[in-house]
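# Understanding the architecture of this molecule
Listed below are the residues making up each chain.
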Protein chains: 2
Amino acid sequence: MAEKQEHNKALSEKKGIDQPTRLNPLAAERLKKNRSKTPSTQQITEGLLAGNKTQLSRALTRIESTAEKHQQEGREIIEACLPHANKSIRIGVTGVPGVGKSTFIESFGKLLTSKENKVAVLTVDPSSSLSKGSILGDKTRMEELVKDPNAFIRPSASGDSLGGVAQKTREAIILCEAAGYNIIVIETVGVGQSETAVHSMTDFFLLLKLAGAGDELQGIKRGIMEMADAIVINKADGENRKAAKMAKNEFNRALHLYPPKESGWTPKTLTCSALENEGIDDVWKLIEAYISETKKNQYFQHKRTEQNKFWLLQTIENTLKRDFYNNPKVKKALEVQLKLIEANKTSPFEAAAYLLKLKK
Amino acid sequence: MAEKQEHNKALSEKKGIDQPTRLNPLAAERLKKNRSKTPSTQQITEGLLAGNKTQLSRALTRIESTAEKHQQEGREIIEACLPHANKSIRIGVTGVPGVGKSTFIESFGKLLTSKENKVAVLTVDPSSSLSKGSILGDKTRMEELVKDPNAFIRPSASGDSLGGVAQKTREAIILCEAAGYNIIVIETVGVGQSETAVHSMTDFFLLLKLAGAGDELQGIKRGIMEMADAIVINKADGENRKAAKMAKNEFNRALHLYPPKESGWTPKTLTCSALENEGIDDVWKLIEAYISETKKNQYFQHKRTEQNKFWLLQTIENTLKRDFYNNPKVKKALEVQLKLIEANKTSPFEAAAYLLKLKK
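Residues numbered from 1 in each chain as written. Chains lettered and ligands numbered in written order. Predicted model: local features only at pLDDT ≥ 70, side-chain atom pairs only at ≥ 80, totals over all residues. Heavy atoms only, no water.

## A few points about the pairing of strand β4 (residues 183-188) of chain A
All names here are of chain A. Within β4, six of the six residues are buried, leaving the element largely enclosed by the surrounding structure. What you see with β4 is no split at all: Ile183, Val185 and Glu187 on one side and Ile184, Ile186 and Thr188 on the other are buried throughout. Relative to β4, strand β1 (residues 89-94) runs parallel, the two being bridged by five bridges. Following the sheet pairing, Ile91 is matched in β4 by Val185. Across six bridges, the pairing between strand β2 (residues 119-124) and β4 is parallel. Among the inter-strand pairings, Val119 is bridged to a residue of β4, identified as Ile183. (Buried < 20%, exposed > 50% of the residue type's maximum accessible area, 1.4 Å probe, protein only. Helix = DSSP H or I, 4+ residues; strand = E, 2+ residues; numbered from the N terminus. Pairing = 2+ DSSP bridges.)

## As for the side chain of Arg90 of chain A
Residue and element names in this part refer to chain A. In this structure, Arg90 sits in strand β1. When its relative accessible area of 2% is taken as the criterion, Arg90 is described as buried. Here the side chain of Arg90 touches Asn86 through a polar contact of 3.0 Å, side chain to side chain. Filtering out sequence-adjacent residues up to four positions away, Arg90 remains in contact with Ile173, Glu177, Ile184, Met201, Thr202, Asp203, Phe204, Arg304, Gln307 and Trp311. (Polar contact = N/O pair within 3.5 Å; in protein donor to acceptor, adjacent residues only side chain to side chain. Contact = heavy atoms within 4.5 Å.)

## Some remarks on the sheet that holds strand β4 (residues 183-188) of chain B
All names here are of chain B. With parallel pairing, the seven strands of this open sheet are ordered in space as β3-β2-β4-β1-β5-β6-β7. At either end of the open sheet lies a strand with only one pairing partner, and these are β3 (151-154) and β7 (268-271). The mean angle between the axes of side-by-side strands here comes to 20 degrees, regardless of whether they run parallel or antiparallel. Packed onto the sheet, helix α6 (residues 101-114) meets β1 (89-94), β2 (119-124), β3, β4 and β5 (204-210) and runs at close to 180 degrees relative to β4. (Axes fitted to C-alpha atoms, helices over the stretch in contact; angles between N-to-C directions.)

## Quick word on the relation of the copies chain B and chain A
If you rotate chain B by 180 degrees and push it 0.0 Å along the axis, it lands on chain A with an RMSD of 0.2 Å. Taken together, the turn and the small shift mark the pair as related by a two-fold rotation axis. (Least-squares fit on C-alpha atoms with pLDDT ≥ 70 in both.)

## Brief notes about the packing of helix α14 (residues 299-326) of chain A against helix α16 (residues 348-359) of chain B
The packing of two helices is summarised by the inter-axis angle and the distance between the axes. Packing of α14 of chain A against α16 of chain B brings their axes to within 8 Å, and their N-to-C directions diverge by 45 degrees. Compared by their axis directions, α14 of chain A and α16 of chain B come out oblique. Handedness of the crossing formed by α14 of chain A with α16 of chain B: right-handed. Residues Asn308, Trp311, Leu312, Thr315, Ile316, Thr319 and Leu320 of chain A of α14 of chain A form the contact with α16 of chain B, whose participating residues are Pro348, Phe349, Ala351, Ala352, Leu355 and Leu356 of chain B. When grouped by side-chain class, the residues that make up the contact of α14 of chain A with α16 of chain B number 10 nonpolar, three polar and no charged. (Parallel < 35°, antiparallel > 145°, perpendicular 65-115°, else oblique. Left-handed = near helix turned anticlockwise from the far one by under 90°. Nonpolar A, V, L, I, M, F, W, Y, C, P; charged D, E, K, R; others polar.)

## Side note on the pattern of salt bridges
Within this structure, the stated rule accounts for 30 salt bridges over all chains. Close ionic contact of Asp323 of chain B with Arg322 of chain B constitutes a salt bridge, the shortest N to O distance being 3.5 Å. Taking relative accessible area as the criterion, Asp323 of chain B reaches 25% and is therefore assigned partly exposed. A network of salt bridges, in which partner residues are shared, links Arg62, Lys69 and Glu73 of chain A. (Salt bridge = Lys/Arg side-chain N within 4 Å of Asp/Glu carboxyl O.)

## A closer look at the interface of chain B and chain A
Every contact between the two is made by 47 residues of chain B and, on the other side, 46 residues of chain A. Around 4,200 Å² of area is buried between chain B and chain A when both sides are counted, 69% of it from carbon and sulfur atoms. The interface formed by chain B and chain A holds four salt bridges in total. Here Glu342 of chain B ties to Lys309 of chain A by a salt bridge, and the two come within 2.6 Å at their closest N and O atoms. In this assembly, chain B and chain A are joined by four residue pairs in polar contact (both at pLDDT 80 or more). Residue assignment for the side of chain B that touches chain A shows that the elements contributing at least two residues are α8 (162-178), α10 (215-218), α11 (222-227), α14 (299-326), α15 (328-342) and α16 of chain B. Take the side of chain B that touches chain A: its biggest share by element is 16 residues, from α14 of chain B. Class assignment of the residues belonging to the side of chain B that touches chain A gives a composition of 22 nonpolar, 12 polar and 13 charged. (Buried area = accessible area lost by both parts, 1.4 Å probe.)

## Quick word on the environment of Lys248 of chain A
Residue and element names in this part refer to chain A. Mapped onto the secondary structure, Lys248 falls in helix α12 (residues 241-255). Given a relative accessible area of 23%, Lys248 falls into the partly exposed group. When the C-alpha positions of Lys248 and Ile233 are compared, they lie 6.6 Å apart, and in sequence the two are 15 residues distant.

## As for α6 of chain B
All names here are of chain B. The end-to-end C-alpha separation of α6 is 20 Å, in line with the 20 Å expected for 14 residues at 1.5 Å each. Most of α6 sits out of view: 11 of its 14 residues are buried. Considered for burial, the residues of α6 that qualify are Lys101, Ser102, Phe104, Ile105, Glu106, Ser107, Phe108, Gly109, Leu111, Leu112 and Thr113. Against the buried residues of α6 lie β1, β2, β3, β4, β5 and α13 (280-296). Just beyond α6, the residue with positive phi is Glu116, at close to 65 degrees. (Expected span 1.5 Å × (residues − 1).)

## Points about the sheet that holds strand β5 (residues 204-210) of chain A
All names here are of chain A. The strand order across the open sheet formed by seven strands is β3-β2-β4-β1-β5-β6-β7, and the pairing between neighbours is parallel. If you trace the sheet from one side to the other, it starts and ends with β3 (151-154) and β7 (268-271), each paired once. Averaged over all pairs of adjacent strands, the angle between strand axes in this sheet comes to 20 degrees, irrespective of strand direction. Inspection of the sheet shows β5 paired to strand β6 (residues 230-234) by five bridges, in the parallel sense. Residue Leu208 lies in a different strand from β6, and its bridge partner there is Val232. Against the sheet, helix α8 (residues 162-178) touches β1, β2, β3 and β4, its axis set at about 175 degrees to β2.

## Let's talk about α12 of chain A
Residue and element names in this part refer to chain A. An ideal rise of 1.5 Å per residue puts 21 Å on 15 residues; α12 measures up with 21 Å between its terminal C-alpha atoms. Listing the buried residues of α12 in full gives Ala244, Ala247, Phe251 and Leu255. In a view along the axis of α12, the buried residues occupy a sector of 70 degrees, so they form one face of it. Exposed residues lying more than 90 degrees from the buried face of α12 are Lys242, Lys245, Met246, Glu250 and Arg253. (Arc of directions from axis to C-beta.)

## A few points about the confidence of the model for chain A
Residues and elements named next belong to chain A. Considering every residue of chain A, the mean pLDDT works out to 85; 83% of them sit at 70 or more. Mean pLDDT across the elements of chain A bottoms out in helix α10 (residues 215-218) (45) and peaks in helix α13 (residues 280-296) (97). Contacts of residues 1-6 to residues separated by more than four positions or lying in other chains number one contact, the stretch itself having pLDDT below 50. Predicted confidence for residues 129-139 stays below pLDDT 50, and this span has 21 contacts to residues more than four positions away or in other chains. (pLDDT = per-residue confidence, 0-100.)

As structure tokens, then:
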């Protein structure tokens with residue numbers, strides 16, 4: 001009946017022959033199923049623990065997400081990863097823009113992977129949240145390292161505050177370690193307070209400098225010099241070689257003015273040329289010496305314990321804030337209170353008291 | 001009977017004549033009553049609003065106290081003071097130790113009180129919590145200003161964190177303003193991150209410098225230069241005068257390299273000798289010019305509004321933390337969790353999750 005009716009229509013066509021299926025229908029079914037379903041946290045975790053970069057990236061996207069559902073999934077993944085974490089060496093790298101951090105990390109990372117290490121590079125850059133463009137988002141950075149199967153590069157998480165960014169980076173360390181990366185390099189932009197955050201999550205803190213540039217220009221404050229376990233003068237190549245050597249000696253003298261470190265380690269200065277791949281090996285040897293010395297005198301574990309205590313408090317405080325600001329009642333009322341402040345109709349103290357009562 | 005028995009004792013004495021009372025009994029009664037009763041929050045508030053320094057000090061002690069009862073009283077006092085606050089000029093002063101901050105503030109404060117202002121000097125020094133000794137605790141500081149009836153000097157509140165110290169300082173500003181101080185000078189130690197906190201609570205930010213000392217030594221990072229509305233080269237006296245003038249020109253050039261400020265104000269450089277009381281008047285004239293200019297272009301009120309929004313969030317976050325850590329269950333469990341972290345038996349993330357559940 002139906003067929004007959006169709007034939008009666010002006011635009012109807014004769015039913016042609018059946019086309020062969022272009023794909024094995026079973027395979028198509030499987031592909032569709034995989035495509036339509038986002039992987040479960042269990043799938044992500046299993047893949048991550050097996051060292052799968054795609055799943056590691058997915059897990060990182062979960063923890064960086066602002067959606068409560070994703071954050072919950074992120075927390076589940078972290079929990080599953082915790083027993084497999086903590087087995088890496090964590091290295092902080094800082095230095096002002098222009099000092100050659102990415103070139104250095106590329107050279108350094110390639111050296112490490114050539115020595116059968118797996119290297120993850122993370123960045124702490126709270127400013128990227130504001131400019132909506134991370135320095136690592138620049139695709140020309142670390143061109144070679146990014147293709148290395150034993151390297152994993154992830155730009156800075158964005159967030160409203162350094163605390164939020166730091167929290168996500170700490171979680172990212174755990175995930176990368178669980179994925180089998182045994183060396184984690186954490187880069188920071190060298191301006192502002194992110195150095196302290198990176199220092200609080202790494203075993204070794206490396207400050208990159210240039211010869212010749214005044215410290216006003218390099219924007220390095222005393223506190224950052226004090227945190228450094230090594231100062232490496234980069235771009236020690238060509239005509240710059242002599243100046244770099246002089247700068248090295250100068251910084252060496254400056255470092256001796258600081259009180260001895262709790263680690264028992266005397267900070268060292270080195271020169272290198274990341275561009276010409278010179279002196280990078282010495283930097284790694286120095287870090288190895290540091291790790292060996294501080295493991296022997298037990299400072300390594302002591303520092304990790306202190307960092308863990310600090311992370312505990314930071315995690316608590318970040319969660320308290322998140323829970324408060326994500327509360328829908330608070331969200332709505334906060335907007336109103338901010339408007340009242342703008343109109344000079346309430347004080348910050350009164351507004352805070354009002355909002356805090358909402359949550360109780 | 002009793003008297004007779006006494007006479008029988010070997011060491012007894014004859015009952016002598018009655019001694020006259022040494023004090024008017026009514027007055028004694030009144031004194032005792034006053035001594036035994038700590039003043040009520042109402043009494044403190046009334047005294048404070050009348051400009052009584054003792055009551056102002058008492059109010060500050062309430063907000064600095066860690067006892068929940070005192071904090072509650074402190075909040076009541078603040079609430080009562082709010083309608084009387086916000087009517088001062090708030091000036092931040094920074095510079096590394098040795099630059100002469102206290103000598104400067106003493107000269108500057110005396111100048112201001114001679115011009116019929118009431119000046120309150122507060123300090124933000126988070127390190128004082130650690131060393132348990134504030135720089136302002138040193139009694140030889142500001143010897144003359146401290147005796148000035150129109151000046152009020154209060155050392156830094158102590159606290160576990162810069163956030164806590166900053167919060168208490170912001171509250172102290174409100175109390176001092178309500179007590180009639182129309183100029184609030186907030187000093188910071190010039191090392192670390194307290195400058196940012198002070199910048200976020202002041203209208204004008206003044207950076208003290210010395211001629212001749214390198215910036216590495218002066219420990220001033222670029223960010224602090226950027227915050228400054230004026231750079232004042234102190235100790236421009238005797239043989240130092242010429243070097244100070246050169247430094248002034250140099251900083252002037254450096255300041256011109258920074259992008260224009262949102263305030264529309266071009267930061268100025270000056271020289272002064274706090275010790276010889278030279279050039280202090282010019283500093284005040286500069287600040288007056290700034291206030292007048294930014295009030296005209298409405299940046300003054302805009303900045304205060306932005307600061308108030310920031311204070312709102314800070315107050316909320318500090319309160320969330322305080323409420324959490326003051327919870328008796330949390331307090332007890334936190335100690336246990338910290339010990340587990342020390343023994344490497346839990347991770348900061350697991351411990352945080354456990355503690356956060358307790359509060360719910």
